[in-house]
Amino acid sequence: MKPSILRIAGFGFRSEATLESLVQALDQLIDQYGSVDKYGLINRLAAARSMLPLVEELGRVRNIEVIAVADAELSTVATLTHSTQSLQARGTGSVAEAVALIAAGPNARLVGPRIISADRQATAALALLEVPEGATE
């Protein structure tokens, strides 16, 4: 039996973002980073605790579990993207990338930089973590 892959979609967004902003970002993330065959289904969604309610709503709509990460942890993660606005507001180059990596756990990797929703209100990033055979997610 081969190892399974944990796939976490992390989100960052402006206060003006709507559920549609997040839906569009998630769909764009899936479209951009491959088919279901390449990355499989997204196992979980993730958000900083202060941003959780809107992502929980998306989780209910898509029937995907949501993980909360501590806002204080965001600045501890190196991200691919270095947004000045994100650095000033949250202490990280990309909230979506940081959230995805923290939620996926040690040794997780991003498949690429975060994507931005069409309305520019939300970002999403995909982190993968190989889960060894016999280990639990």
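Each chain carries its own residue numbering, running from 1 in the written order of its sequence. At least 70 in pLDDT is required for a residue's local features to be given in this predicted model, at least 80 for side-chain atom pairs to be given and counted, and no such filter applies to totals for whole chains, interfaces and linings, which use all residues. Side-chain measures here rest on the full set of heavy atoms in the structure, leaving out hydrogens and waters.

K.L.:
What is the right way to look at the layout of surface pockets in this model?
P.N.:
Where empty space is left can be seen by rolling a probe of water-molecule size over the atoms. Lining residues are those with an atom within 4 Å of a point, where the points come from a 1 Å grid over the protein atoms alone and group into cavities, where a 1.4 Å probe fits but cannot get out, or pockets, open sets with protein on both sides within 12 Å along at least five of seven lines. Grid points are joined across faces, edges and corners, and a volume is the space filled by probe spheres set on the points. Reported here for the largest pocket is a volume of approximately 410 Å³. Phe13, Arg14, Gln85, Ser86 and Thr123 are, among the 19 residues lining the largest pocket, the residues nearest its centre. Each helix is a run of DSSP H or I of at least 4 residues and each strand a run of E of at least 2, with the numbering of both proceeding from the N terminus. Residue contributions to the lining of the largest pocket peak at four residues, all from helix H4 (residues 84-90). For this classification, Asp, Glu, Lys and Arg are treated as charged, while Ala, Val, Leu, Ile, Met, Phe, Trp, Tyr, Cys and Pro are nonpolar and the rest, including Gly, are polar. Split into classes, the residues belonging to the lining of the largest pocket amount to seven nonpolar, eight polar and four charged.

K.L.:
In this structure, what is going on with the side chain of arginine 44? I would like to understand it.
P.N.:
Of note, arginine 44 is situated in strand E2 (residues 44-48). Each polar contact in these results corresponds to two N or O atoms within 3.5 Å; when the atoms are within protein, one needs to be able to donate a hydrogen and the other to accept it, and residues that are neighboring in sequence are counted only if both atoms are side-chain atoms. A polar contact is formed between the side chain of arginine 44 and the side chain of glutamate 65, at a distance of 3.1 Å.

K.L.:
Looking at this structure, I do not really get the side chain of serine 94. What am I missing?
P.N.:
Checked against the element boundaries, serine 94 lands in the loop between H4 and helix H5 (95-104). With sequence-adjacent residues up to four places away left out, serine 94 is seen in contact with Thr79, Thr81, Ser86 and Arg114. By the convention used here, residues are in contact when the closest approach between their heavy atoms is within 4.5 Å.

K.L.:
Is there a simple way to explain the pattern of salt bridges in this structure?
P.N.:
Oppositely charged side chains may form a pair once their charged atoms are brought near each other. Should a side-chain nitrogen of Lys or Arg be within 4 Å of a carboxyl oxygen of Asp or Glu, the pair is scored as a salt bridge. Considering all chains together, one arrives at three salt bridges under this definition. Its salt-bridge partner being glutamate 65, residue arginine 44 comes within 3.1 Å of it at the nearest N-O pair. Of this pair, arginine 44 sits in strand E2 while glutamate 65 sits in strand E3 (residues 65-69); the two residues are 21 residues apart in sequence, bridging distant segments of the chain. Type-normalised accessible area, obtained with a 1.4 Å probe on protein chains alone, sets the label of each residue: buried when under 20%, exposed when over 50%, and partly exposed for intermediate values. Take glutamate 65: its relative accessible area is 47%, and that puts it in the partly exposed class. Where arginine 90 meets aspartate 71, a salt bridge forms, and the shortest distance between an N and an O atom there is 2.8 Å. With a gap of 19 residues between them, arginine 90 in helix H4 and aspartate 71 in the loop between E3 and H4 connect regions that are remote in the sequence.

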